[in-house]
Amino acid sequence: MSCLELEALRLGLMTVLGTDDRAAREHAEKELEGELEGPIEGLATAETLDGLRRHLDAALVDLEEQVATLDDDDPEADYVRGRLVAVRDAERSLERLATHGEGLLDGLGETHHDLHDAFPVEE
């Protein structure tokens, strides 16, 4: 069993951030081979932060359902629960990235406004 959600999120983030790391992309694609459907496919092919957030949320719902139906004696139970913790952590990290990006946009807008205040342009 692999961490499908994390590898799919990595692929999507590489696209969103414009990262051109061929080795990392090939590794993630290999991990996801035959698994690209539903939220995992959405994550892997997302082109925006909003898309990543939406598909990660759906993947979390699926993973939470999987954890809820696990038997405690299942040898995979601890691993699947660990995946849930890791994906929730990734969700928080993605939210921080989105928040920082929005803050950067706001800051650039304020700087632009301040420049126009300091150096008015006559139309």
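What counts and how
Residues numbered from 1 in each chain as written. Predicted model: local features only at pLDDT ≥ 70, side-chain atom pairs only at ≥ 80, totals over all residues. Heavy atoms only, no water. Salt bridge = Lys/Arg side-chain N within 4 Å of Asp/Glu carboxyl O. Helix = DSSP H or I, 4+ residues; strand = E, 2+ residues; numbered from the N terminus. Buried < 20%, exposed > 50% of the residue type's maximum accessible area, 1.4 Å probe, protein only. pLDDT = per-residue confidence, 0-100. Contact = heavy atoms within 4.5 Å.

Looking at an unreviewed UniProt entry, one finds the protein chain named DUF3209 family protein, with Halobaculum magnesiiphilum as its source organism.

A. Main features of the pattern of salt bridges. Across all of its chains, the model carries 10 salt bridges by this definition. A salt bridge links Arg88 to Glu64; the shortest N-O distance between them is 3.1 Å. Of this pair, Arg88 sits in helix H5 (residues 77–118) while Glu64 sits in helix H4 (residues 49–68), placing them 24 residues apart in sequence. Look at Arg88 and you get partly exposed, because its relative accessible area is 35%. The salt bridge involving Arg81 is made with Asp72; its shortest N-O contact spans 3.0 Å.

B. Inspection of the confidence of the model for the protein chain at higher detail. Residues with a pLDDT of 70 or more make up 98% of the protein chain, whose mean pLDDT is 95. Element-level pLDDT for the protein chain is lowest in helix H2 (residues 22–31), with a mean of 95, against a maximum mean of 97 in helix H3 (residues 38–45).

C. Highlighting H3. Every buried residue of H3 is accounted for by Pro39, Ile40, Gly42, Leu43 and Ala44. Buried residues along H3 sit in contact with helix H1 (4–17) and H4.

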